[in-house]
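Notes for the structure review
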Amino acid sequence: MREDQLARVVQYELASLSDEHFKEIASIRRATSKVFTHVLEKGCAAGDFNVADIDTAVLAITSLGIDVSRWFPTTRHSDPRALADRYTELVLRMVQFGA
């Protein structure tokens, strides 16, 4: 199920959410960032990734996910799986996968 309109509201209209919903979304964002931080730290320790600044990389990765809700879908990008594959390629290059 695609929920692009809901994602757009949640990501860009945070001030309009009730306190309860805002806290829920903030908690999800923090948890998501922790997962990415953990993955990058483990990947760097194993030599699979080469990231100079993990915090900045996590910010960039999460920004990709947040910002896509602002404009998706478009006439050029309407297949969520295809776009996810492209984003995955970009992120792997960002962290120098296999470096």
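Refer to the structure above for everything that follows.
Residues numbered from 1 in each chain as written. Predicted model: local features only at pLDDT ≥ 70, side-chain atom pairs only at ≥ 80, totals over all residues. Heavy atoms only, no water.

1. Describing the overall build of the protein
Which entries qualify depends on this criterion: Runs of E in the DSSP output that reach at least two residues are strands. Runs of H or I that reach at least four are helices, and both are numbered from the N terminus. Residue exposure (1.4 Å probe, protein chains only): buried if accessible area is under 20% of the type maximum, exposed if over 50%, otherwise partly exposed. In this description, contact between two residues means that some pair of their heavy atoms is separated by no more than 4.5 Å. Note that accessible areas follow from Shrake-Rupley with a 1.4 Å probe, and for residues the cover is restricted to the protein chains shown. Counting rule for charge: Lys and Arg are taken as positive, Asp and Glu as negative, and neither His nor the chain ends is counted. Charged groups are reduced to one reference atom each: NZ for lysine, CZ for arginine, CG for aspartic acid, CD for glutamic acid.
Secondary structure assignment for the protein yields 4 helices and 0 strands. Tracing the protein from N to C terminus, the helices and strands come up as α-α-α-α. When the backbone C-alpha atoms are referred to their principal axes, the protein occupies close to 40 × 35 × 20 Å. Each of the 99 residues in the protein was classed as buried or not, and the buried ones make up 21%. The contacts in the protein between residues at least 6 apart in sequence include a share of 56% that link residues at least 24 apart. Of the roughly 7,300 Å² that the protein leaves accessible, carbon and sulfur atoms contribute 56%. Where the 12 positive side-chain charges of the protein centre and where its 14 negative ones centre are 3 Å apart.

2. Quick notes on the packing of helix α3 (residues 54-71) against helix α4 (residues 80-94)
Angle between the axes and distance between the axes: these two values describe a pair of packed helices. Rules: Only the contacting stretch of a helix is used when fitting its axis, a line to C-alpha atoms as for every element, and angles between N-to-C directions run 0 to 180 degrees. Angles are sorted into four bins: roughly parallel if under 35 degrees, roughly antiparallel if over 145, roughly perpendicular if 65 to 115, and oblique for all others. A clockwise turn of the near helix away from the far one marks a right-handed crossing, whereas an anticlockwise turn of less than a right angle marks a left-handed crossing. Side-chain classes are defined by residue name, with Ala, Val, Leu, Ile, Met, Phe, Trp, Tyr, Cys and Pro counting as nonpolar, Asp, Glu, Lys and Arg as charged, and the others, Gly among them, as polar.
Look at α3 against α4: their axes get within 11 Å of each other, and the N-to-C directions meet at 160°. If you check the angle between α3 and α4, you find them roughly antiparallel. Considering how the two elements wind past one another, α3 and α4 form a crossing that is right-handed. In this structure, α3 uses Ala57, Ala60, Ile61, Leu64, Val68 and Trp71 to contact α4, whose residues at the interface are Leu83, Tyr87, Val91 and Met94. Here the residues of the contact of α3 with α4 sort into 10 nonpolar, no polar and no charged.

3. A look at helix α2 (residues 19-46)
Rule in force here: Any helix carries an expected span of 1.5 Å times its number of residues minus one.
Taking 1.5 Å of rise per residue, 28 residues should cover 40 Å, and α2 covers 41 Å from first to last C-alpha, within 8% of that figure. Residues of α2 that are buried: Ile25, Ala26, Thr37, Leu40 and Gly43.

4. Overview of the nonpolar core
To keep things clear, this is the line we draw: Throughout, nonpolar core names a set of buried Ala, Val, Leu, Ile, Met, Phe, Trp, Tyr and Cys residues whose side chains join them through atoms within 4.5 Å.
By size, the foremost hydrophobic cluster in this structure holds 8 residues: Leu40, Phe49, Val51, Ala57, Val58, Ile61, Val91 and Val95. Sorting elements by how many residues they give to this core places α3 first, with 3 residues. Every residue in contact with valine 91, bar those within four places of it in the chain, is listed here: Ile61 and Leu64.

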